[in-house]
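Coordinate analysis (summary)
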Number of protein chains: 2
Amino acid sequence: MPSYKAPVEDVLFILNDVLGFQRQSNLKGFADASPDVVEAVLTEGAKLAEEVLAPLNAVGDREGCTRQADGSVTTPKGYRAGYDAYAKGGWMGLSVPEEFGGQGLPHTLNTAIQEFASGANLALSMYPGLTQGAMAALLVHGSDEQKATYLPKMVEGAWTGTMNLTEPHCGTDLGLLKTKAVPNGDGSYSLTGTKIFISAGEHDLSENIVHLVIARIEGAPAGTKGISLFVVPKFLVNPDGSLGARNGVSCGSIEHKMGIHGNSTCVMNYDGATGWLVGQENRGLNAMFVMMNEARLAVGVQGLGQSEVAYQNAVAYAKDRLQGRALTGAKAPDKAADPIIVHPDVRRTLMGIRAFNEAARALMLWTALQADIGHRSEDAAERQRAEDHMGLMTPVVKAVLTDKGFANAVEAQQMFGGHGYIEEWGMSQFVRDARIAMIYEGANGIQAMDLIGRKLPKDGGRAMMGFLAEVQTFVKDHGEDEGLKPFVGPLQAGLNDLQGATMWFMQNAFSKPDNAGAGATDYLHLLGLVALGYMWARIAKAALASQAEAASDRMADKLVVGRFFMERMLPETALRLVRIKAGSETTMALAAEAF
Amino acid sequence: MPSYKAPVEDVLFILNDVLGFQRQSNLKGFADASPDVVEAVLTEGAKLAEEVLAPLNAVGDREGCTRQADGSVTTPKGYRAGYDAYAKGGWMGLSVPEEFGGQGLPHTLNTAIQEFASGANLALSMYPGLTQGAMAALLVHGSDEQKATYLPKMVEGAWTGTMNLTEPHCGTDLGLLKTKAVPNGDGSYSLTGTKIFISAGEHDLSENIVHLVIARIEGAPAGTKGISLFVVPKFLVNPDGSLGARNGVSCGSIEHKMGIHGNSTCVMNYDGATGWLVGQENRGLNAMFVMMNEARLAVGVQGLGQSEVAYQNAVAYAKDRLQGRALTGAKAPDKAADPIIVHPDVRRTLMGIRAFNEAARALMLWTALQADIGHRSEDAAERQRAEDHMGLMTPVVKAVLTDKGFANAVEAQQMFGGHGYIEEWGMSQFVRDARIAMIYEGANGIQAMDLIGRKLPKDGGRAMMGFLAEVQTFVKDHGEDEGLKPFVGPLQAGLNDLQGATMWFMQNAFSKPDNAGAGATDYLHLLGLVALGYMWARIAKAALASQAEAASDRMADKLVVGRFFMERMLPETALRLVRIKAGSETTMALAAEAF
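Residues numbered from 1 in each chain as written. Chains lettered and ligands numbered in written order. Predicted model: local features only at pLDDT ≥ 70, side-chain atom pairs only at ≥ 80, totals over all residues. Heavy atoms only, no water.

As annotated in an unreviewed UniProt entry, chain A is 3-methylmercaptopropionyl-CoA dehydrogenase from Methylobacterium gossipiicola. In its Sequence similarities (unreviewed entry) section, the UniProt entry covering chain A states "Belongs to the acyl-CoA dehydrogenase family." According to UniProt, the comment filed for chain A under the heading Cofactor (unreviewed entry) is "FAD". (UniProt positions renumbered as here; feature names shortened; annotations may be inferred.)

Secondary structure assignment for chain A yields 18 helices and 11 strands. Radius of gyration (C-alpha) of chain A: 24 Å, near the 25 Å computed for a compact globule of 595 residues. Principal axes of the C-alpha set define a box for chain A whose edges measure 75 × 60 × 60 Å. Residues counted as buried form 64% of the 595 residues belonging to chain A. The long-range fraction of contacts in chain A, counting pairs at least 24 apart against all pairs at least 6 apart in sequence, stands at 73%. Separation between the mean location of the 53 positive side-chain charges and that of the 66 negative ones in chain A comes to 4 Å. (Helix = DSSP H or I, 4+ residues; strand = E, 2+ residues; numbered from the N terminus. Rg over C-alpha atoms; globule rule 2.2 N^0.38 Å. Buried < 20%, exposed > 50% of the residue type's maximum accessible area, 1.4 Å probe, protein only. Contact = heavy atoms within 4.5 Å. Lys, Arg positive; Asp, Glu negative; His and termini not counted. Charge placed at Lys NZ, Arg CZ, Asp CG, Glu CD.)

Okay, the relation of the copies chain B and chain A next. In this structure, two copies of a chain are linked by a rotation about an axis accompanied by a shift along it. Of the two same-sequence chains, chain B is brought onto chain A (RMSD 0.0 Å, axial shift 0.0 Å) by a rotation of 180 degrees. This pairing of chains is accounted for by a two-fold axis. Considering only C-alpha atoms, the part of chain B nearest the rotation axis is B:Leu575, at 3.4 Å. Mapped onto chain A, 100% of the interface residues of chain B are again interface residues, and the two copies thus contact each other with one and the same surface. (Least-squares fit on C-alpha atoms with pLDDT ≥ 70 in both.)

What follows covers the packing of aromatic side chains. Note on aromatic pairs: each is described by the distance of the centres and the angle between the planes. Applying the stated criterion across every chain, the model contains 25 aromatic pairs over all chains. Ring geometry for A:Tyr79 and A:Tyr127: centres 6.4 Å apart, planes at 90 degrees, overall edge-to-face. Of this pair, A:Tyr79 sits in helix 4 (residues 79-88) while A:Tyr127 sits in helix 6 (residues 122-141), and the two are 48 residues apart along the sequence. Residue A:Tyr79 is classed as buried on the basis of its relative accessible area of 0%. Ring centres 5.0 Å apart and planes at 65 degrees place the aromatic pair B:Tyr189 and B:Phe230 in the edge-to-face group. Within this pair, whereas B:Tyr189 is found in strand 5 (residues 188-199), its partner B:Phe230 is found in strand 7 (residues 228-233), the two being separated by 41 residues in sequence. For B:Tyr189, a relative accessible area of 10% puts it in the buried group. The buried category is assigned to B:Phe230, whose relative accessible area is 0%. (Phe/Tyr/Trp six-rings, centres within 6.5 Å; stacked < 30°, edge-to-face > 60°.)

Right, let's get into the side chain of A:Glu358. Locating A:Glu358 in the fold gives a position in helix 9 (residues 344-376). Here A:Glu358 is in contact with A:Asp10, A:Ile14, A:Trp536, A:Ile539 and A:Lys558, once residues within four sequence places are set aside.

What follows concerns the pattern of salt bridges. Evaluated as defined, the whole model comprises 59 salt bridges over all chains. For the salt bridge of B:Asp338 with B:Arg325, the shortest nitrogen-to-oxygen distance reads 2.8 Å. With B:Asp338 in the loop between helix 8 (284-320) and helix 9 (344-376) and B:Arg325 in the loop between helix 8 and helix 9, this residue pair connects regions lying 13 residues apart in the sequence. Using a relative accessible area of 32% as the deciding quantity, one classes B:Arg325 as partly exposed. The partner of B:Arg576 in a salt bridge is B:Asp522, and the shortest N-O contact between them spans 2.8 Å. One end of the pair, B:Arg576, is in helix 17 (residues 572-581); the other, B:Asp522, is in helix 15 (residues 513-549), and 54 residues separate them in sequence. An identical accessibility class is assigned to B:Arg576 and B:Asp522; each is buried. Look at the salt bridges and you will find they share partners, linking A:Asp522, A:Arg568, A:Glu572, A:Arg576, A:Arg579, B:Asp522, B:Arg568, B:Glu572, B:Arg576 and B:Arg579 into a network. (Salt bridge = Lys/Arg side-chain N within 4 Å of Asp/Glu carboxyl O.)

What follows is about the interface of chain B and chain A. For an interface, size is often stated in terms of accessible area lost upon the parts coming together. With 89 residues of chain B at the contact, the number on the chain A side is 89 residues. Between chain B and chain A the total buried area reaches about 7,800 Å² when both faces are included, carbon and sulfur atoms providing 60% of it. In terms of surface lost to chain A, no three residues of chain B exceed B:Tyr421, B:Arg568 and B:Phe595, which account for 12% of the buried area on that side. Of the charged contacts in the structure, one is a salt bridge between A:Glu585 and B:Arg563, with a shortest N-O distance of 2.8 Å. (Buried area = accessible area lost by both parts, 1.4 Å probe.)

On to the environment of B:Phe289, then. Residues and elements named next belong to chain B. Note that Phe289 resides in helix 8. The exposure class of Phe289 is partly exposed, given its relative accessible area of 34%. It is 22 Å that separates the C-alpha atoms of Phe289 and Glu115, two residues lying 174 residues apart in sequence.

What follows deals with the nonpolar core. A:Phe467 and B:Phe467 are the most contacted members of the largest nonpolar core, which totals 406 residues. Residues within four places of B:Phe467 in sequence aside, it is in contact with B:Trp366, B:Leu392, B:Met393, B:Leu498, B:Leu527, B:Val530, B:Ala531 and B:Tyr534. (Core = buried A, V, L, I, M, F, W, Y, C linked by side-chain atoms within 4.5 Å.)

Let us look at the packing of helix 13 (residues 458-478) of chain B against helix 15 of chain B. Residues and elements named next belong to chain B. The N-to-C vectors of helix 13 and helix 15 enclose an angle of 35 degrees; their axes lie 11 Å apart at closest approach. Considering only the axes of helix 13 and helix 15, their crossing is left-handed. Facing Met464, Phe467, Glu470, Val471, Phe474 and His478 of helix 13, the residues of helix 15 in contact are Tyr523, Leu527, Val530, Ala531, Tyr534, Ala537, Arg538 and Lys541. A per-class count over the contact of helix 13 with helix 15 returns 10 nonpolar, one polar and three charged. (Axes fitted to C-alpha atoms, helices over the stretch in contact; angles between N-to-C directions. Left-handed = near helix turned anticlockwise from the far one by under 90°. Nonpolar A, V, L, I, M, F, W, Y, C, P; charged D, E, K, R; others polar.)

On to the packing of helix 15 (residues 513-549) of chain A against helix 9 of chain B, then. Where helix 15 of chain A contacts helix 9 of chain B, the axes come no closer than 7 Å and their chain directions differ by 60 degrees. With respect to helix 9 of chain B, the element helix 15 of chain A is oriented oblique. The handedness of the crossing between helix 15 of chain A and helix 9 of chain B comes out as right-handed. Between helix 15 of chain A, through A:Asp514, A:Gly517, A:Ala518, A:Thr521 and A:Asp522, and helix 9 of chain B, the contact on the second element is made entirely by B:Pro344, B:Asp345 and B:Arg348. Tallied by class, residues from the contact of helix 15 of chain A with helix 9 of chain B come to two nonpolar, two polar and four charged. (Parallel < 35°, antiparallel > 145°, perpendicular 65-115°, else oblique.)

The subject of this paragraph is helix 14 (residues 485-508) of chain B. Residues and elements named next belong to chain B. Compared with the 34 Å implied by 1.5 Å per residue over 24 residues, the 34 Å span of helix 14 between its first and last C-alpha is a close match. Those residues of helix 14 not exposed but buried are Phe487, Val488, Leu491, Gly494, Leu495, Asp497, Leu498, Ala501, Thr502, Trp504 and Phe505. Packing partners of the buried residues in helix 14 comprise helix 12 (444-455), helix 13, helix 15, helix 16 (553-569) and helix 17. (Expected span 1.5 Å × (residues − 1).)

Following this line, the structure appears as structure tokens:
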């Protein structure tokens, strides 16, 4: 049976030593997040993940969800208790303002908890995860009445949330959507249409389900400019807050998926369901984007979570499984064979996953911290810098952490040989579960297009120039630092490749947009590599500072893992640049029929 | 529902135009393989794959195999008819000598058929596939009596075969095996032990199952030098060839796997089962290696098969699915959106898979042809060259074609967005099925160690020097050829990286073997990239010659696809070289407890 241990110590190191989390204590909510509180929150969150959520992971995969004849959906055995523990622990509202029952703590902490929860049990963690996404949209765009009606119940976990975007004929291209909203004359609307791939659309974990639904109001303009956002509760809510009549929304079927079996993925039918507009008419996509940014970061976090849990179990197996002898002579001569962790190819695999995970965790927390600054700072310039960072890094965190998270789960599975392919060992589930994160909340190719088409050119390229300048400054400031030399040199090389690619797009993509499209995914990964390399350089700086105070094996090991990244992983930037510069000619030359 | 079309035209082009298959007509069996016969065989094989095997793929995944209370195993609905069609068509013995009822045709043709069969239905194709592997071992190492007893029935398909190597505590490290063989005094042995992961170990497709089993004869030396090979039929065979008593071998359980559900993966219990020695006492591993080489090539072919079928279905979806508009303006203005094949990032994905598949197919057929030459040539020098090639390329074909085959299935699945994650669309099955090929017949890390530790240094590096010289000669001979310039230049660069890596190992790995181990996987992929690049150069040469005779879109397209490979995929050699040269220091530095 696989197990999970939340990386509390690593999160604390990143927050305290690398990111200077406590320096933000002037931000709203941060004053409450003293070092003691942070450590207590993480420790409690770890307990929940390790002791409650992780033991339900395999059973969720085996049993899956069942749609009953009456349209209700039963979740796997134990899920209700697991969900209740999550809700009762106050985790749902960790960073929701106190006026709605939340704890108002930084979103950065919530992000760390999301990693723990999704690493322990991705399918189960999605029920609260979607609720948090729906709350985020209501917080920003909901009316005071909507906030008062829905948020406290959602914070409590009594009600959960969903996001309803996709329809059978439209996923990425939301302009094609057909779900209709007809005004009822009393301020409410009547919604009719079919939504698919609705995670947590129907289940037995909560009393009510708050659906956020995009639809087209009768007579609205075609395309994305005619989309509005609605809140459609499963049960209508009486003025006193109690539950009223069942609304005209139901689960038509659930999907049989490759993974995340414990999450119910529903076809939702809206048959004249009563809904209320959230935010402005025809501005639904804007409102949805708030939710999507948060959700995209959370999905990136899921990729890291699966990478981490797969790594931990591969390590345990590699220490335990005896097979062959070390190339340099027997390491366990008293046993029939050495544990496979002595083999360089096994080490290479484990080091590669770990070198990614630790930098990805730093990137995730750094980006979450920018989200907090963007939302909570009183300094407009600081807010702008933080929002620039968030916008630029959202597609990177989403796509890079899920692409690599999945690839790492596959690598970890490989350590097990034939046992990795057998379901009872649990590695297959990590692979199958991790696979979805590359797809939902905008498939990773869409993230690349978002980066190249929207985030890069925005405000004259201000966000990217800010990032390049920040990394360049770090390199300049630390170029003479002996201990950082193994980091700063490779980082400069990666930065040069990123600058070269950015320049190439400026010169070649405006006139020929296919050049941007053909290089988009490579550019996203190139930026991701440099961002991760920058994280390693900052981690190394912190580790060296810590070593100067008191030597520790843990910090010495971090420096080795970081050098592994700089030597073997960061140089991929050069390959990405070559591909980008190849342009789009051969990519686009064939007629469609020639495929 | 996914579909499959066997790439007959491409195989014919590679055989006839690229590899000069007909020039080998002096080899035994090749005279019978006239162009007409080759085309007829491929066309009939394609029909079997497309019309019989492919329609059974999804049902096999859904139903899986069931072990009944009496230890028998029931295969999915329709499998028996599918298997019978395979057997009755004479496919089992396509390249088995005529004296045993086979057709004695080149193994090269058999390899092409293996691609078709495994692309159409990997799980079903394994039953005949393992039978062919078992026949190969009996052909080389079996006594005349054993050959006469087993081969004709196996060629007919009335009996199937298996390979029994793995035990619970030993997969890679066969020296640890415990299964015991005690002489019965009448020339037979009594085998006792447990084997796991035995594909096709028990099923309802054939009258008898011929198990090839490695075991340790009582008193044999420890380790790999004390392993012998035995043939253990499920039913003992009477002197007249009819079936006698049930032997003491049974299926204890079947595994619940990530994929290939239609193949029964068995725990086999040997309880004093009667077996007969195949080949010499204590030389079982040598005998097994014959089987393993064939089997490893066949597994590489499976990787290509899954890559091809996943590609075909992704193409169909990309032409059909309407979403968004081309960056260069609407391509289907009469429709609500353009088909997604207009998007550069979709093209990039499809081109990448195709550029791999076509070169991998050439590499597979080239290697199979060398196997034929190695087995059938009367010229000793020619045989040696062919065997050198086979030995060197076996781990490359196995590991590169399965690593990339799986990665390509994942990429193809990605094209489908959310639908790719839903089982009914079939893309998940391709991914789950393709995953096993990276693991069985020696996990891919083991292939890398085989390459670096055994194949590379063998005979003073003769095989590798032969390969480097062949590619270098091609580059020299065609350096001035205008049409080949986009191929020859990048090929030379890749070759330089391969030479650099080989040199680096010579200088750094003998004294410090961990340097070889830490770079093994990168070296394997580096060699694979150069081999694929060389295949593209040869394909381009053939395409240009064909174009000179009569211009065709198909050949023009091939040149574009090949350039895509040279521009975007082959340059990965530089990254592989960087990783190799990083050595093993950071890889091996951490204490095992630090993981």
